[in-house]
Amino acid sequence: MVGGCSNALFISPQIPTGGLNSQAPDESPAYSSDGRYLAFSSDRNGNRDIFLYDLQQRRLVSLPNLNRGDSSQDSPALSVDGRYIAYVSNERGKTDIMVYDRKTQRSELLSANVRGTVSNPTISGDGRKVAFQTSQFGQWNIAIVERNID
């Protein structure tokens, strides 16, 4: 027995159906803190896009204006209630950190003045703060952006 892992051999992961998984790579899952939503990245439409799955209703949620055919969206992170989705986009020809608001159906660019690569966004529960990695100063550092939201 491995220290404290006696039940680990009996746990079987579930692979849900109903639109969550596809034949394409489905990656980078992120739960909303309230446990209702699961965001993830997928190539299922021939491009790297972000999807949102409602675990209560067992269906994908529409995200108008988030995904674009000419760019990739990846690495989603969710606010507590799933209203805000922080993510990485290459829409401007380089990696950027964006935040999508499901209520307004618009994305906000947070890394316009950051040189270098950005990755791994995370968002505070209320959606006001976003932290991410940046290579702007020649090594990986953590940047924090405080957003003005109503």
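The shown structure was predicted, so the numbers you read here are calculated from the model rather than taken from an experiment.

Engineer: Mind showing me how you'd approach the nonpolar core here?
Structural biologist: Ala86, Ile97, Val99, Leu110, Ile123, Val130 and Phe132 are the most contacted members of the largest nonpolar core, which totals 15 residues. Sorting the residues of this core by element identifies strand S6 (84-89), strand S7 (96-101), strand S9 (118-123), strand S10 (129-134) and strand S11 (141-146) as the ones contributing at least two each. Contacts of Val99, omitting those with residues within four sequence positions, involve Tyr84, Ile85, Ala86, Tyr87, Arg106, Ser107, Glu108, Leu110, Ile123, Val130 and Arg147. Membership of the second largest hydrophobic core comes to 12 residues, among which are Ala39, Ile50, Leu63 and Tyr100.

Engineer: Sorry, what's going on with the environment of Trp140 here?
Structural biologist: Its location among the elements puts Trp140 in the loop between S10 and S11. Looking at Trp140, the relative accessible area reads 46%, which means it is partly exposed. For the pair formed by Trp140 and Pro13, sequence separation is 127 residues and the distance between their alpha carbons is 34 Å. Once residues within four sequence positions are removed from consideration, Trp140 is found in contact with Thr117, Ser119, Gln133, Thr134 and Ser135.

Engineer: What is the right way to look at the pairing of strand S5 (residues 73-78) in this model?
Structural biologist: Looking along a regular strand, one sees side chains alternate from face to face of the sheet. Of the strand pairs in this sheet, S5 and S6 are connected by 4 bridges, and their pairing is antiparallel. Each residue of the ladder has a partner; that of Gln73, found in S6, is Ser89. The hairpin turn running from S5 into S6, its antiparallel successor, is 5 residues long, and Gly82 in that turn takes a positive phi close to 80°.

Parameters and conventions
Residues numbered from 1 in each chain as written. Predicted model: local features only at pLDDT ≥ 70, side-chain atom pairs only at ≥ 80, totals over all residues. Heavy atoms only, no water. Core = buried A, V, L, I, M, F, W, Y, C linked by side-chain atoms within 4.5 Å. Buried < 20%, exposed > 50% of the residue type's maximum accessible area, 1.4 Å probe, protein only. Helix = DSSP H or I, 4+ residues; strand = E, 2+ residues; numbered from the N terminus. Contact = heavy atoms within 4.5 Å. Pairing = 2+ DSSP bridges.

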